[in-house]
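Descriptive analysis of the structure
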Amino acid sequence: MFSDVTDSIERKLFHDDKIDPGTFSFMEPGWWVLHATAIASIYLIGSKMHRRF
């Protein structure tokens, strides 16, 4: 009985009580890398299109 309470307290302390959606979850390092790459890519594509026209 007490092991369940102790286990849940321990999980909350170490943030293991939430479901991890993966590498690209919001505000995780993968999220920053993905968005920085996307923003840089859009900028480069826009620059190339501007020079072409």
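Described below are features of the structure shown in this document.

Helix and strand content of the protein: two helices and zero strands. Element-wise, carbon and sulfur atoms account for 66% of the exposed surface of the protein, whose accessible area totals about 5,400 Å².

Attention now moves to helix α2 (residues 29-52). When the terminal C-alpha atoms of α2 are compared, their 35 Å separation across 24 residues agrees well with the 34 Å that a helix rising 1.5 Å per residue should span. Inspection of α2 places Gly 30, Trp 31 and Ser 47 among the buried residues, and these make up the whole buried set.

On to the packing of aromatic side chains. Scanning the model with the defined rule gives one aromatic pair in all. Seen from their ring centres, Trp 31 and Trp 32 are 4.7 Å apart, and the 85 degrees between their planes marks the pair as edge-to-face. For Trp 32, a relative accessible area of 48% translates into the label partly exposed.

Moving on, we come to a nonpolar patch on the surface. Taken together, the side chains of Ile 45, Met 49 and Phe 53 make up a nonpolar region of the molecular surface, amounting to roughly 390 Å² of accessible area. Here Met 49 shows up in helix α2. Overall, Met 49 belongs to the partly exposed group, its relative accessible area being 46%.

So, how was this worked out
Residues numbered from 1 in each chain as written. Predicted model: local features only at pLDDT ≥ 70, side-chain atom pairs only at ≥ 80, totals over all residues. Heavy atoms only, no water. Helix = DSSP H or I, 4+ residues; strand = E, 2+ residues; numbered from the N terminus. Areas by Shrake-Rupley, 256 points an atom, 1.4 Å probe, with all protein chains shown as cover. Expected span 1.5 Å × (residues − 1). Buried < 20%, exposed > 50% of the residue type's maximum accessible area, 1.4 Å probe, protein only. Phe/Tyr/Trp six-rings, centres within 6.5 Å; stacked < 30°, edge-to-face > 60°. Patch = residues over 30% accessible without salt bridge, like charges linked within 9 Å, V, L, I, M, F, W, Y side chains within 5 Å. Salt bridge = Lys/Arg side-chain N within 4 Å of Asp/Glu carboxyl O.

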